[in-house]
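Here are the chains, one letter per residue:
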Amino acid sequence: MNRRFGEAVDRIRDNQLRLVRVSSLFQAIIPFLGALSMIVTIAYGGYLTIRHTITLGNFVELTLYIRMMVAPLQSIGNVINTMQRSRASLERIGDLMAVEPDIRETEGARHRSLDEASISIRGLRFAYPDAERPSLRDISLDIAPGRTLGILGKTGSGKTTLVKLLLRAYDPPAGTVRIAGADIRDFTLESLRAQIAYVPQDGFLFSTTIRDNIAFYKRDTELPTIEKAARQAQIYGSIAELPESFDTRLGERGVTLSGGQRQRTGLARGLIKDAPVLIMDDSVSAVDAVTEKRIIDGIRKARKGKTTIIIAHRISALKHADEIVVMDEGRIVQRGKHGELLAQEGLYATLYAIQQEGGREDAEPTAR
Ligand SMILES: Nc1ncnc2c1ncn2[C@@H]1O[C@H](COP(=O)(O)OP(=O)(O)O)[C@@H](O)[C@H]1O
Ligand SMILES: [Mg+2]
């Protein structure tokens, strides 16, 4: 992966250097030729006129012609320059299009519905390609349809890796991850990615309107639906205050949102999918405790009957889940409902005690 990236960067750099070399050459040569031809014309033409080989009229005519030729010559130079530039860009696009994705559609995969689908993970061990240690070990987990699973764990404990396998960002070993009874590889990539809404911690927002950012997965979404998702994500008020409301542009030439606002905009984008499976990967980490509670309450109501996975480092975000698993170094070290976990000695109760204490000052005591 690193090597492939390195090679690609080298290639782009070489192309750019070649482009700059050629275009600077042209930019220098064309005006130089123009000036040179003028000097030659005036010098030699002047000489011939003095010698009466040509008339003064011929001389003036000649210099005018030369003058007229300079501009078109320059244009030709510009066109060649632009062509070189375009060729370099085209090569770059070609390179990108030629990249083979690591995950490919399995033969015989078909579109399957995730409605009412159970998710079942058995003895899952997973290591990233080229990684020395596995990121997930001995994971067994069942999520009944319509239920909410909470995942708690320190940074690097494998939470993101686990849910990314459900999207087939990487392929789990055959038979370890099953959905609705079928191996996950028997689902087309499209059916997984269309029916699972994944909300990352820091989703990418494009330099376009807020409306288009939220409607990213469903371009033709009507404004009321967008507003509803924004309300659920508790970002409606902030957007309504902006000069052009939902038509306000974000990014370089637009407004800049705070981390928490960006996160909630990303959440609205995920909620608009109204997918059979929603995964919130630490996606309320940058919002305050009161707003977090409002979001979680809203989602519990809106997601009744649909499967939801909430990853968080704050217990308050997932304490209502039907089951909570605590992960540490790629393993599930504790599992149960909030009350059961509190009664056990372990990471959960420890974290809870720390967070209760800090909660009063609305701090975030856990390591991120
Ligand atoms: N793309 C990757 N390639 C190699 N190792 C990775 C990659 N992504 C994560 N890891 C490793 O896998 C482990 C689990 O990471 P992650 O699932 O992101 O943890 P969490 O989401 O709980 O913070 C970490 O040790 C991390 O360094
Ligand atoms: Mg993560």
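Before reading further, recall that the structure is shown in the block above.
Residues numbered from 1 in each chain as written. Chains lettered and ligands numbered in written order. Predicted model: local features only at pLDDT ≥ 70, side-chain atom pairs only at ≥ 80, totals over all residues.

1. A closer look at the overall build of the protein chain
Consideration 1: Each helix and strand in the protein chain was counted, giving 11 helices and 10 strands.
Consideration 2: In terms of overall dimensions, the protein chain is more spread out than a globule: its C-alpha atoms have a radius of gyration of 31 Å, far above the 21 Å expected for 368 residues.
Consideration 3: Principal-axis analysis of the C-alpha atoms places the extent of the protein chain at approximately 115 × 50 × 35 Å.
Consideration 4: Evaluated residue by residue, the protein chain yields a buried proportion of 27% over its 368 residues.
Consideration 5: Once local pairs closer than 6 in sequence are excluded, the contacts in the protein chain between residues at least 24 apart make up 68%. (Helix = DSSP H or I, 4+ residues; strand = E, 2+ residues; numbered from the N terminus. Rg over C-alpha atoms; globule rule 2.2 N^0.38 Å. Buried ≥ 20, exposed ≤ 12 C-beta atoms within 10 Å, placed from the backbone. Contact = placed C-beta atoms within 7 Å.)

2. Section: the nonpolar core
Consideration 1: In this structure, Ile 196, Ala 268 and Ile 279 are the most contacted members of the largest nonpolar core, which totals 67 residues.
Consideration 2: Beyond its immediate sequence surroundings of up to four residues, Ile 196 is in contact with Leu 114, Leu 166, Leu 167, Ala 275, Val 277 and Ile 279. (Core = buried A, V, L, I, M, F, W, Y, C linked by C-beta atoms within 7 Å.)

3. Examining helix 6 (residues 223-232)
Consideration 1: Within the span of helix 6, buried status applies to Ile 226, Ala 229, Ala 230 and Gln 232. The buried residues of helix 6 all sit within an arc of 160° when viewed along its axis, so they share a single face. Exposed residues pointing more than 90 degrees away from the buried face of helix 6 are listed as Leu 223 and Pro 224.
Consideration 2: One or two steps after helix 6, the chain reaches Gln 234, where phi turns positive at roughly 60°. (Arc of directions from axis to C-beta.)

4. What about the sheet that holds strand 7 (residues 277-281)?
Consideration 1: Reading across from one edge, 6-7-8-3-9-10 is the order of the 6 strands in this open sheet, with mixed pairing throughout. Each edge of the open sheet is held by one strand with a lone partner, namely strand 6 (196-199) and strand 10 (331-336). Here the average twist between neighbouring strands, direction ignored, is 15°.
Consideration 2: Inspection of the sheet shows strand 6 paired to strand 7 by 4 bridges, in the parallel sense. Bridge pairing in strand 7 links Tyr 198 to Ile 279. (Pairing = 2+ DSSP bridges. Axes fitted to C-alpha atoms, helices over the stretch in contact; angles between N-to-C directions.)

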